[in-house]
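Tertiary structure, described
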Amino acid sequence: MANLLFYALSLLTISCAALVVWTKNAVNAAMFLLVTLAGVAGLFVLLDAALLAFVLLLVYAGAVVALFLFIIMLLDTRHEALKPFRPMTIAASTIGAALLLLGLVTMLRRAQFPAPVPDAIAGSSLKPYAEQLFTTYLLPVQIVGFLLLAAMLGVIVLSRKHEPREETP
Amino acid sequence: MTPPLIAQISASGLPGYIFVSSLLFVLGFFGVLLRKNTLVIYMCLELMLIASTLALVAFSRFNGTLDGSVFVFFILTIAAAEVAVGLAIIVALFRLRHTVQVEELNRLKN
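Cut-offs and rules
- Residues numbered from 1 in each chain as written.
- Chains lettered and ligands numbered in written order.
- Predicted model: local features only at pLDDT ≥ 70, side-chain atom pairs only at ≥ 80, totals over all residues.
- Helix = DSSP H or I, 4+ residues; strand = E, 2+ residues; numbered from the N terminus.
- Buried ≥ 20, exposed ≤ 12 C-beta atoms within 10 Å, placed from the backbone.
- Contact = placed C-beta atoms within 7 Å.
- Nonpolar A, V, L, I, M, F, W, Y, C, P; charged D, E, K, R; others polar.
- Expected span 1.5 Å × (residues − 1).
- Axes fitted to C-alpha atoms, helices over the stretch in contact; angles between N-to-C directions.
- Parallel < 35°, antiparallel > 145°, perpendicular 65-115°, else oblique.
- Core = buried A, V, L, I, M, F, W, Y, C linked by C-beta atoms within 7 Å.
- Left-handed = near helix turned anticlockwise from the far one by under 90°.

1. Examining the overall build of chain A
- Assigned secondary structure in chain A consists of 6 helices and 0 strands.
- Residue burial in chain A is summarised as follows: out of 169 residues, 21% are buried.
- A separation of at least 24 residues holds for 52% of the contacts in chain A among residues at least 6 apart in sequence.

Written out as structure tokens, the structure reads:
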């Protein structure tokens, strides 16, 4: 059962990721990204990280993909012709990706993986995560909060309309 | 002699998850190289980020620790901030140049 679910979710994730790359329309790409995220969230559940799956769906599907769709709507890039890819680009990117895949698969084949599978620590329980986040990782949590503040201020400054500066007499 | 990679890929093992994560990362990399639309390039970057989180969660699960999973929290936070800033930059760029195709964003060339 778990095996079947793993294969189905992996197939869904990989095929939708391929469609994100291949589809010509940016809105379709965003939608396929959404399905890919759902597949990865399912894999997280199979890995006994239900909480992370939930957070992934909330943050990515709820915020990031919605933001992407808003920006696509805002920019309205329909008039830009969908040019076919140049053969040179296709060849170069295929070779690059194939080299990366070759390296990763070689690494996988030579790796030694931990044999006995330990019991799940957290599951869907929040407590172990909270204990870690508020003891060992307290300083990173503070820093990340500060980073979010900085990002917010940066976005406000970036998206302000730049009016031509008035000449001082 | 280790068994071939395909034989190791199943739900009960780490190699399967790492293989899926590698494929996802490679697809994102391919998209970043191939696509011309800045927004789609950005989505492919997100794919690569998601692939790395999948690898982290899998490693953390099969090693019996929680550190990788906690790290994923930080990655998700950073990713959200990064998307906000990046999309703001793209909008500012679009206001200035009226295009999001990377081929036409060549003011710094020559």
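2. Some thoughts on the overall build of chain B
- Tallying secondary structure elements over chain B gives 4 helices and 0 strands in all.
- Listing every helix and strand of chain B by position from the N terminus yields α-α-α-α.
- The proportion of buried residues among the 110 residues of chain B is 46%.
- Here the contacts in chain B between residues at least 6 apart in sequence split such that 42% fall between residues at least 24 apart.

3. What to know about the interface of chain A and chain B
- Each partner contributes to the interface: chain A provides 71 residues, whereas chain B provides 59 residues.
- Going through the elements one at a time, α1 (2–22), α2 (26–46), α3 (50–75), α4 (87–110), α5 (127–134) and α6 (138–158) of chain A are the ones with two or more residues in the side of chain A that touches chain B.
- Tallied by class, residues from the side of chain A that touches chain B come to 57 nonpolar, 11 polar and 3 charged.

4. A closer look at α4 of chain A
- The terminal C-alpha atoms of α4 of chain A, which comprises 24 residues, lie 34 Å apart, in line with the 34 Å expected from a rise of 1.5 Å per residue.
- Summarising burial for α4 of chain A: 1 of the 24 residues are buried, a small minority.

5. Let's talk about the packing of α2 of chain A against α3 of chain A
All names here are of chain A.
- Look at α2 against α3: their axes get within 9 Å of each other, and the N-to-C directions meet at 175 degrees. In terms of axis orientation, α2 runs roughly antiparallel to α3. Facing A26, V27, A30, L33, L34, L37, V40, A41, F44 and V45 of α2, the residues of α3 in contact are A50, L52, A53, L56, L57, Y60, A61, V65, F68, L69 and I72.
- For the contact of α2 with α3, the residue count by class is 21 nonpolar, no polar and no charged.

6. Here we look at the nonpolar core
- V20 and F44 of chain A together with M43 and L54 of chain B are the most contacted members of the largest nonpolar core, which has 67 residues in total.
- Those elements that provide at least two residues to this core are α1, α2 and α3 of chain A together with α2 (14–34), α3 (38–62) and α4 (67–97) of chain B.
- Among the elements that take part in this core, α3 of chain B stands out by supplying 14 residues, more than any other.

7. So, the packing of α1 of chain A against α2 of chain A
Residue and element names in this part refer to chain A.
- Axis separation between α1 and α2 bottoms out at 8 Å; the angle between their running directions is 155 degrees. One way to sum up the angle between α1 and α2 is to call them roughly antiparallel. Judged by the twist between their axes, the crossing of α1 over α2 is left-handed. Along the contact surface, α1 presents A2, L5, F6, L9, L12, T13, C16, A17, L19 and V20, while α2 presents A29, F32, L33, V35, T36, G39, V40, G42, L43 and L46.
- Here the contact of α1 with α2 is built from residues that sort into 16 nonpolar, 4 polar and no charged.

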